[in-house]
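One letter stands for each residue in the lines below.
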Amino acid sequence: MAAGPMKMRATLGSGYTDVRVLMTHPMETGQRKDPDGKIIPLHFIQNVTVRVNGKVVMEGEISQAVSRNPVFTFRVRGGAKGDKIEVSWLDNQGESNKTEGAVA
Amino acid sequence: MTVRFLTFLVFYVTAISAFAQDAKKEIQKYQQMITEGSPVELFELEGEALWKRPQGPSRVSLEKCDLGKGPGVVKGAYAGLPRYFKDADRVMDLEARLLHCMMTLQGRSREEATKRVFGNESRPSEMEYLSAYIAAQSRGVKMAPGGAHPKEKAAYALGKALFFHRTGAWDFSCASCHGEEDKRIRMQDLPVLSEPKYARPVMATWPAYRVSNSQFKTMQWRINDCYRQMRYPEPKFASDATIALTTFLTVTAAGEPYRGPGTKR
């Protein structure tokens, strides 16, 4: 799959929020070759940003070592039902995507 | 000397079985980890969009497609397949039924609809996306494929015969690999698929996402690939033979709650 849709789920625990986010991305390492022997250019997500109600709570730098179609699960301190969580990514070719959801 | 040799032998055998046990545990841990990080839901999303997208000369979506529970009902439909469909007078698995709907509802030709049934990591196929979406709507539903109609019984019998029938360049049958307990290829356990105990967890988790090649794979592909590995001629997509095998395996696994789409190594 080329870079495409995302899916997110945020569930409230006691004192924390569990977030699970899926991203569609080829995550090319720059070391693979196509059938003609040409190197497939490096193409990977570089930055992942998580915002809760507009405020940045996490900024991550990831590398081409992460698999294709990555899935991230993490815990954010606090949170309440209905809080808006936004996860966005930016890759090394300048492509980006984001998804937004409410804590359930 | 004999005593010493025996002691060594006992030690050696114990060490090997301990290693095998550890390896098995580690593999289970790995399988759990890949399931937790499964991107299967992304394929479900795409599949849902595709299900609702008008296509073909008739410019209609597949939303009126009857998968066995009535037109447009997707909930629990996969768990009831394969089964006999009166309108086609044939036992059909999910992919055969989808193809039927593409041809009858959307007015597409068989050639066009089956031009690219198996995709790759950069571009999954329509069948793969749709299978992910439909199968996911049966999560938690007990698998209950058709087994009462004479044609369903015939499909089961044919599938069973095919499973054990040795032929081809290597004189192989499905049972050559999947017919004995405690066999594996490298680190992959080989389930005895003719036994419910082994067929249940397998059939409850196909179709599936494969992490090793980042692709979502359907049941038709799985059977097709088994035939490739056995060096048979390539079976036709959604043919009576491949549907019969799926019928045999699914009936063997009947009663197991569906847990897929799964994630495989």
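Refer to the structure presented above.
All figures in this text were calculated on a predicted structure; none of them were measured in a lab.

Right, let's talk about the overall build of chain A for a bit. Helix and strand counts for chain A stand at 0 helices and 7 strands. In chain A, the succession of helices and strands from N to C terminus is β-β-β-β-β-β-β. C-alpha extents for chain A along the principal axes are approximately 55 × 20 × 20 Å. A buried classification covers 38% of the 104 residues belonging to chain A. For chain A, the share of sequence-separated contacts (at least 6 apart) that also reach a separation of at least 24 residues comes to 55%.

Before going further, it helps to spend a moment on the interface of chain A and chain B. With 14 residues of chain A at the contact, the number on the chain B side is 17 residues. In total, about 1200 Å² of surface goes out of reach between chain A and chain B, with carbon and sulfur atoms giving 53% of it. Joining chain A to chain B, the criterion identifies 4 salt bridges. Its salt-bridge partner being Arg20 of chain A, residue Glu41 of chain B comes within 3.4 Å of it at the nearest N-O pair. Remark: the boundary between chain A and chain B carries 9 residue pairs in polar contact (both at pLDDT 80 or more).

Let us look at the packing of helix α9 (residues 219–229) of chain B against helix α10 (residues 240–252) of chain B. Residues and elements named next belong to chain B. Contact geometry of α9 with α10 gives a least axis separation of 10 Å together with a crossing angle of 105°. Between α9 and α10, the crossing angle belongs to the class labelled roughly perpendicular. Residues Met219, Gln220, Ile223 and Tyr227 of α9 form the contact with α10, whose own contacting residues are Thr242, Ile243, Leu245, Thr246 and Leu249. Its residues assigned to classes, the contact of α9 with α10 shows 6 nonpolar, 3 polar and no charged.

A word on empty space enclosed by the protein. Residues and elements named next belong to chain B. By the definition in use, this model includes 1 cavity of 30 Å³ or more. When its volume is computed, the largest cavity comes out at roughly 110 Å³. Around the largest cavity, the lining is made up of 14 residues, and of these Tyr78, Asp93, Leu94, Met219 and Thr246 lie nearest the centre.

What follows is about the pattern of salt bridges. In total, this model carries 23 salt bridges over all chains according to the counting rule given. In this structure, the salt-bridge partner of Glu28 of chain A is Arg32 of chain A, at a minimum N-O distance of 2.8 Å. Owing to a relative accessible area of 8%, Glu28 of chain A belongs among the buried residues under this scheme. Glu126 of chain B is paired through a salt bridge with Arg108 of chain B; the nearest N and O atoms lie 2.9 Å apart. Here the residue Glu126 of chain B occupies a position in helix α5 (residues 126–136), and Arg108 of chain B occupies one in the loop between α3 (94–104) and α4 (110–113), the gap between them amounting to 18 residues. Per residue, the accessibility class of Glu126 of chain B equals that of Arg108 of chain B, and both read buried. A cluster of three or more residues bridged by salt bridges with shared partners is formed by Lys7, Arg9 and Arg20 of chain A together with Glu41 of chain B.

All names here are of chain B. Cis geometry is adopted by the peptide bond preceding Pro82, which originates at Leu81 and carries an omega value of -5°. Looking at where Pro82 falls in the secondary structure, it is placed in the loop between α2 (40–51) and β1 (83–85). Residue Pro207 is reached from Trp206 by a cis peptide bond, and omega for that bond is -5°. Tracing the backbone through its elements, the reader meets Pro207 in the loop between α8 (196–203) and β5 (208–210). In this structure, Ser214 is a non-glycine residue whose phi angle is positive, near 55°. Along the chain, Ser214 turns up in the loop between β5 and β6 (215–217). Residue Ser214 is classed as buried on the basis of its relative accessible area, which comes to 14%. In this model, Arg231 sits at a positive phi of 60°, which is unusual for a non-glycine residue. Looking at where Arg231 falls in the secondary structure, it is placed in the loop between α9 and α10.

About the cut-offs
- Residues numbered from 1 in each chain as written.
- Chains lettered and ligands numbered in written order.
- Predicted model: local features only at pLDDT ≥ 70, side-chain atom pairs only at ≥ 80, totals over all residues.
- Heavy atoms only, no water.
- Helix = DSSP H or I, 4+ residues; strand = E, 2+ residues; numbered from the N terminus.
- Buried < 20%, exposed > 50% of the residue type's maximum accessible area, 1.4 Å probe, protein only.
- Contact = heavy atoms within 4.5 Å.
- Buried area = accessible area lost by both parts, 1.4 Å probe.
- Salt bridge = Lys/Arg side-chain N within 4 Å of Asp/Glu carboxyl O.
- Polar contact = N/O pair within 3.5 Å; in protein donor to acceptor, adjacent residues only side chain to side chain.
- Axes fitted to C-alpha atoms, helices over the stretch in contact; angles between N-to-C directions.
- Parallel < 35°, antiparallel > 145°, perpendicular 65-115°, else oblique.
- Nonpolar A, V, L, I, M, F, W, Y, C, P; charged D, E, K, R; others polar.
- 1 Å grid on protein atoms, 1.4 Å probe; cavity = no way out; pocket = protein on both sides within 12 Å on 5 of 7 lines; lining within 4 Å.
- Points joined across faces, edges and corners; volume = space filled by probe spheres on them.

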